[in-house]
Amino acid sequence: MIIPKRQSMVDGLENVIVSLYAKGMSVSDIEEQIREVYHFDVSTSTISRITETVAGDIVAWQNRPLDPLYLIVWMDGIVFKVRENSKVINKTIYLAVGLNTDGKKEVLGMWLGKNESAAFWLSVLTDLKARGVEDILITATDNLNGFTQTINNVFPQSQTQICVVHQIRNSAKYVVWKDKKAFSKDMKLIYDAPTKQAAKAALEDFKNNWNHKYPYAIKSWEDNWEALTVFFEFPLEIRKIIYTTNLIENLNGKIRKYTKNKMSFPYR
């Protein structure tokens, strides 16, 4: 009565198991949930076999062809604990999200590597090119050492915008509490300026006010000025989506939501 003729499982239950697994539930959690809802047992080995069936779809998705042109590609990394050779180590999931010419956002891929580095990003960018990407108008990234040059090596026509939010956090990291409000207010005048020229003037004022106390913050803005101010070349309406990697950080948050109950992941 529970299981239809010529079937070995409740209709649709495989899809339920895959859905629960995709939402971050462990195999043992799924086993318990099935027992509570359907009042019968499905072994963990059966659940593992069912979840393995999506492996082919994952490989197909990882290698699918991409559009020749993306307007903006946001890139960032997210760190997870991974069990490898009986040791728990940090590994980075490299993420790339693209805005296509139809105005739709698309996760271009996820790649597993070690600690975030420009060298691994080179392999990511090379993979994007191999899958059909011919050009990226703007790349939005954090200020990882060597990242901009790496992008230029693969997509020489692309303009690279360093994430201003990352810059703000790095600049304010060592500012003492009593200075934070005034420091942040002066810094905001830089990236909220109407033009690049006005932003440069705001940076000079910022330097005059704070260079004696926080010279490293000023130097960071000056050293990365061209890559921090690419967004000024575009209309006001789209500047904010260019100068931050908030979009990809929101994606990171959703990934964390589904994986937070997992202390570490097996490496295969």
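Here, the structure is the one placed above.
Model, not experiment: these values are computed from the prediction. (Residues numbered from 1 in each chain as written. Predicted model: local features only at pLDDT ≥ 70, side-chain atom pairs only at ≥ 80, totals over all residues. Heavy atoms only, no water.)

(A) Expanded view of the nonpolar core. Phe 183, Ile 190, Phe 206 and Trp 221 are the most contacted members of the largest nonpolar core, which totals 38 residues. Considering every element that reaches this core, the biggest residue donor is helix 9 (residues 196-210), with five residues. The residues contacting Trp 221, other than those within four sequence positions of it, are Val 164, Gln 167, Ser 171, Met 187, Ile 190, Tyr 191, Leu 203, Phe 206 and Leu 228. (Core = buried A, V, L, I, M, F, W, Y, C linked by side-chain atoms within 4.5 Å. Buried < 20%, exposed > 50% of the residue type's maximum accessible area, 1.4 Å probe, protein only. Helix = DSSP H or I, 4+ residues; strand = E, 2+ residues; numbered from the N terminus. Contact = heavy atoms within 4.5 Å.)

(B) Quick look at the environment of Asn 153. As for its position among the elements, Asn 153 is in helix 6 (residues 147-154). C-alpha separation for the pair Asn 153 and Leu 125, spaced 28 residues apart in sequence, amounts to 9.5 Å. A distance of 2.9 Å separates a polar atom in the side chain of Asn 153 from a polar atom in the side chain of Gln 149. (Polar contact = N/O pair within 3.5 Å; in protein donor to acceptor, adjacent residues only side chain to side chain.)

(C) Geometry of the pairing of strand 3 (residues 105-113). Pairing geometry for strand 2 (residues 87-99) and strand 3, over eight bridges, is antiparallel. Along strand 3, the bridge assignment pairs Gly 98 with Glu 106. The turn joining strand 2 and strand 3, which pair antiparallel and follow one another in sequence, is formed by five residues; a positive phi near 80° is taken by Gly 103. (Pairing = 2+ DSSP bridges.)

(D) Highlighting the environment of Ser 19. Locating Ser 19 in the fold gives a position in helix 1 (residues 13-22). Sequence separation of Ser 19 and Thr 51 is 32 residues, and the distance between their C-alpha atoms is 9.2 Å.

(E) How the structure looks around the pairing of strand 4 (residues 135-141). Most of strand 4 sits out of view: five of its seven residues are buried. As paired elements, strand 1 (residues 69-84) and strand 4 share five bridges and run parallel to each other. Its bridge partner lying in strand 4, Ile 72 is registered against Ile 138. Here strand 4 pairs with strand 5 (residues 159-162) via four bridges, running parallel. Each bridged residue has a counterpart across the sheet, and for Ile 138 the counterpart in strand 5 is Gln 159. A crossover links strand 4 with its parallel partner strand 5, the connecting element being helix 6, and its sense is right-handed. (Right-handed = clockwise from strand over helix to strand, strands pointing away.)

(F) Structural detail: helix 2 (residues 27-38). Taking 1.5 Å per residue as the helical rise, helix 2 with its 12 residues ought to reach 16 Å, and the 16 Å between its terminal C-alpha atoms agrees with that figure. Buried within helix 2 we find Val 27, Ile 30, Glu 31 and Ile 34. Burial along helix 2 is one-sided: seen end-on, the buried residues are contained in an arc of 105°. (Expected span 1.5 Å × (residues − 1). Arc of directions from axis to C-beta.)

(G) Molecular detail of the pattern of salt bridges. Applying the stated rule across the entire model yields nine salt bridges. Note that Asp 41 and Arg 35 form a salt bridge whose closest N and O atoms lie 2.8 Å from each other. Given the relative accessible area of 56%, Asp 41 is considered exposed. Under the relative-accessibility criterion, Arg 35 is labelled partly exposed at 37%. For the salt bridge of Asp 127 with Arg 131, the shortest nitrogen-to-oxygen distance reads 3.2 Å. Take Asp 127: its relative accessible area is 21%, and that puts it in the partly exposed class. Three or more residues are tied together by salt bridges with common partners; here these are Glu 31, Arg 35 and Asp 41. (Salt bridge = Lys/Arg side-chain N within 4 Å of Asp/Glu carboxyl O.)

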